[in-house]
Amino acid sequence: MDPKHVIICRCSDVTLADLIALFEQGYQTFEELKRIKRVGMGPCQANTCGKMVQWEISKYFNQPLEEVPFHNMRPLTMGIKLKEIMEAKNREE
Amino acid sequence: MKNKADYVIIGGGISGCAIAYHLADFGAKNIVVIEKEYLTSGATGRCGAGIRQQWGAKMNCLLAKKSVEFFEKAQEILAYDGDIEFKQEGYLIVGSDQEEDMVFKTNVALQNALGIPAKRLTKEEAKQIVPYLNIDNVYSATFCPTDGHLNPFTTTDAYYKAAKRLGVTFYTYTEVKDIVVKDSVIQKVVTTRGDIETGVVINAAGGWSKAIGQMVGIDIPVYSENHEILVTEPVEKMQGPMVISFSKNIYCQQTPHGAFIMGRSDPDMPEGLDVSSSHQFLDAMAKTVTELLPPVGELRVIRQWGGLYNMSPDHQPIISGTKKLPGFYMACGFSGHGFMLAPMTGVLLAELILGKAPTMPMEELSLERFDGKQVITKEKSVV
């Protein structure tokens, strides 16, 4: 299948062809890919694409999968409205 | 890895990359940039992505104005194949009381005198610029239309790629462990991947710049502190300018991509290198933004993080060499706004290193300005 038609990151609309282009330019780690292409930085926070990105890095650079660092996961684990956070805090007080 | 270089730059954030580019652009050769993780892994990639010229201290105004002039043409000058996502839709600074309005008056007079097109606004005029701004607790505002936004990752990438084309060598995931000095002459930089002989070291290590100074026995009067920030899901365009308030402790902007980025400071934050996230920040941020910009409260937070401000005694940067050690230069102490000042950081330090006439006087940016003196003009317009 044409890598241009393989969607890796649905949130940020990143294809396999985009990833390969970045690999070819020398961007090699998940953290670098994230910052240049926003892969894994959308509403799902790489819950959907994370493993695929790790797998593609492994394949392209011939690196054992378990040695490819996963991206740095940050809070929150799911999207929450700012207003709901404020209201929950107000109820606590 | 190269074992010799004419110039070794420590730090692969926007400052290090801009210094590398401008040195190379002036014709310098054998330049190496050393970064302990990936480019933008420090404060650059953690910043609020804002570009502001509305400052209360003269040097910050001048550096910011000249930097904006560069950013306006950066995409072409750096011949970047990506998008630096430059947006000039202004910074709207809102104040809470008459006292703050008096500060605005002084600041705008200074800014206008330096050619920055800022103006004071009534709260009703502010509401015309951001219609959903809640002005119940707003007294007045200032606005500069040429302030705005830039993507920190792609802007740094643009400098990096341009510098690389000019022959600069970058070593990422390489950490500086020591700098060897003998009889007041720099000998070499010791890294986790080998030693590099050099006579010139440029400290652009941001949050770690004090530690780099200590390696050569230079005490740089800076400290680092964690500032937290969050980002929402991307949505259709709803806000043009950055909305910021020093008294309300908030900055909040919508990026061209659609996500909102916002932050505030914790006055009780201890000094240190911690960059962790806290629920206290999330609670306080949610309350502040929902009260000031109610529709933004409807957006989902998807991620939060922290980054280091490297604070100087007067909250203006140190872009300087030092008489104590020839060949040692520094660009640090940006106090939370190194990203937006990077073009001038790069130009001025490259001029200083290469002995060229400076684009603007640099005495007030020197390390020596703090020697045995009381800080006179302190920048107060910092969130």
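Residues numbered from 1 in each chain as written. Chains lettered and ligands numbered in written order. Predicted model: local features only at pLDDT ≥ 70, side-chain atom pairs only at ≥ 80, totals over all residues. Heavy atoms only, no water.

> It is not clear to me how the overall build of chain A should be interpreted in this structure. Could you clarify?
The secondary structure content of chain A amounts to four helices and three strands. Along chain A, from the amino end to the carboxyl end, the secondary structure elements read β-β-α-α-α-β-α. Compactness check: chain A gives a C-alpha radius of gyration of 16 Å against a globular reference of 12 Å for 93 residues, more than 25% above the reference. For chain A, the spread of C-alpha atoms along the principal axes amounts to about 55 × 30 × 20 Å. Looking at chain A residue by residue over its 93 residues, the buried ones come to 40%. Sequence separation of at least 24 residues holds for 48% of the intrachain contacts in chain A that already meet a minimum separation of 6. Looking at chain A as shown, the accessible area adds up to about 5,300 Å², and 53% of this sits on carbon and sulfur atoms. (Helix = DSSP H or I, 4+ residues; strand = E, 2+ residues; numbered from the N terminus. Rg over C-alpha atoms; globule rule 2.2 N^0.38 Å. Buried < 20%, exposed > 50% of the residue type's maximum accessible area, 1.4 Å probe, protein only. Contact = heavy atoms within 4.5 Å. Areas by Shrake-Rupley, 256 points an atom, 1.4 Å probe, with all protein chains shown as cover.)

> Sorry, what's going on with the interface of chain A and chain B here?
A common way to state how big an interface is: give the accessible area lost once the parts meet. Listed by partner, the interface residues are 24 residues for chain A and 36 residues for chain B. Its largest share of buried area at the contact with chain B, chain A owes to Arg35(A), Arg38(A) and Leu82(A), together 25% of the area lost on that side. Our enumeration of links across chain A and chain B arrives at four salt bridges. Put simply, Arg38(A) and Glu85(B) hold a salt bridge, and the shortest N to O gap is 2.9 Å. For the pair chain A and chain B, the number of links is 13 residue pairs in polar contact (both at pLDDT 80 or more). Of all elements in the fold, only helix H2 (30-37), strand E3 (80-81) and helix H4 (82-92) of chain A reach the threshold of two or more residues within the side of chain A that touches chain B. With five residues, H4(A) is the single largest residue contributor to the side of chain A that touches chain B. (Buried area = accessible area lost by both parts, 1.4 Å probe. Salt bridge = Lys/Arg side-chain N within 4 Å of Asp/Glu carboxyl O. Polar contact = N/O pair within 3.5 Å; in protein donor to acceptor, adjacent residues only side chain to side chain.)

> Would you explain the layout of surface pockets in this entry?
Over the atoms, a rolled probe matching the size of one water molecule traces out where space is still vacant. Volume-wise, the second largest pocket comes out at about 410 Å³. Along the wall of the second largest pocket there are 24 residues; nearest its centre are Gly26(A), Tyr27(A), Glu32(A), Tyr160(B) and Thr172(B). Listing elements by their share of the lining of the second largest pocket, those giving two or more residues are H2 of chain A together with helix H5 (152-165) of chain B. Per-class residue counts for the lining of the second largest pocket are 13 nonpolar, seven polar and four charged. (1 Å grid on protein atoms, 1.4 Å probe; cavity = no way out; pocket = protein on both sides within 12 Å on 5 of 7 lines; lining within 4 Å. Points joined across faces, edges and corners; volume = space filled by probe spheres on them. Nonpolar A, V, L, I, M, F, W, Y, C, P; charged D, E, K, R; others polar.)

> Just to check I follow, could you spell out the sheet that holds strand E9 (residues 176-182) of chain B for this structure?
Through backbone hydrogen bonds, the strands of a sheet pair up, either in parallel or in antiparallel fashion. All names here are of chain B. Sheet architecture is open: three strands sit in the order E9-E10-E11, paired in antiparallel fashion. The sheet terminates laterally at E9 and strand E11 (194-197), the two strands that pair on one side only. Adjacent strand axes in the sheet meet at a mean angle of 20° when their direction is disregarded. (Pairing = 2+ DSSP bridges. Axes fitted to C-alpha atoms, helices over the stretch in contact; angles between N-to-C directions.)

> What is the right way to read the packing of aromatic side chains from this model?
For any pair of aromatic rings, the description consists of the separation of the ring centres together with the inter-plane angle of the planes. Residue and element names in this part refer to chain B. Applying the stated criterion across every chain, the model contains 10 aromatic pairs over all chains. When the ring of Tyr160 is compared with that of Phe170, the centres are 4.7 Å apart and the planes differ by 80°; the resulting orientation is edge-to-face. Taken together, the residues span a long stretch of sequence, with Tyr160 in helix H5 and Phe170 in strand E8 (residues 169-171) at a distance of 10 residues. The class of Tyr160 is buried, set by a relative accessible area of 12%. Taking relative accessible area as the criterion, Phe170 reaches 15% and is therefore assigned buried. A cation over an aromatic ring shows up here: Lys356 above the ring of Phe26, its NZ or CZ 5.0 Å from the ring centre. (Phe/Tyr/Trp six-rings, centres within 6.5 Å; stacked < 30°, edge-to-face > 60°. Lys NZ or Arg CZ within 6 Å of the ring centre and 35° of its normal.)

> Whenever I open this one, the nonpolar core confuses me. Can you help?
Within soluble globular proteins, side chains that are nonpolar tend to cluster in buried spots. Grouped together as the largest cluster of nonpolar side chains are 90 residues, with contacts concentrated most on Leu33(A), Val53(A), Ile9(B), Leu23(B), Ile31(B) and Ile202(B). Among the elements that take part in this core, helix H8 (residues 338-354) of chain B stands out by supplying nine residues, more than any other. Counting contributing residues per domain, this core is built from domain 1 (7-46 + 153-222 + 314-370) and domain 2 (87-146 + 223-311) of chain B, each supplying no fewer than three. Val94(B), Val130(B), Val243(B) and Val289(B) belong to the second largest nonpolar core, which has 31 residues in total. (Core = buried A, V, L, I, M, F, W, Y, C linked by side-chain atoms within 4.5 Å. Domains from an automatic or database assignment.)

> Looking at this model, I keep getting lost on the domain arrangement of chain B. Mind explaining?
All names here are of chain B. Taken domain by domain, chain B holds domain 1 (7-46 + 153-222 + 314-370) and domain 2 (87-146 + 223-311). Of note, the centres of domain 1 and domain 2, computed from C-alpha atoms alone, are 29 Å apart. Contact residues are listed per partner, giving 16 residues for domain 1 and 13 residues for domain 2. Summing both sides of the interface, domain 1 and domain 2 together bury roughly 1,100 Å²; the carbon and sulfur share of this comes to 55%. Summed over the three residues of domain 1 that lose the most area to domain 2, namely Arg46, Gly207 and Val222, the buried surface amounts to 48% of that side. For the pair domain 1 and domain 2, the number of links is zero salt bridges. Inspection of the region where domain 1 meets domain 2 yields eight residue pairs in polar contact (both at pLDDT 80 or more). Here the side of domain 1 that touches domain 2 is built from residues that sort into seven nonpolar, eight polar and one charged.

> Looking at this model, I keep getting lost on the pattern of salt bridges. Mind explaining?
Inspection of every chain in the model, using the stated rule, returns 20 salt bridges over all chains. Taking the shortest distance from any N to any O, the salt bridge between Glu298(B) and Lys83(A) comes out at 2.8 Å. Here the residue Glu298(B) occupies a position in the loop between helix H7 (279-292) and strand E17 (300-311), and Lys83(A) occupies one in helix H4, the pair thus bridging two chains. Overlapping salt bridges, with partners in common, bring together Lys89(A), Glu92(A), Glu93(A) and Asp283(B) in one network.

> Can you walk me through empty space enclosed by the protein in this structure?
Enumeration over the complete set of coordinates arrives at two cavities of 30 Å³ or more. Counted as a void, the largest cavity has a volume near 390 Å³. Along the wall of the largest cavity there are 28 residues; nearest its centre are Arg38(A), Met41(A), Phe153(B), Ile261(B) and Arg303(B). Those elements giving two or more residues to the lining of the largest cavity turn out to be H5, strand E13 (223-232) and E17 of chain B.

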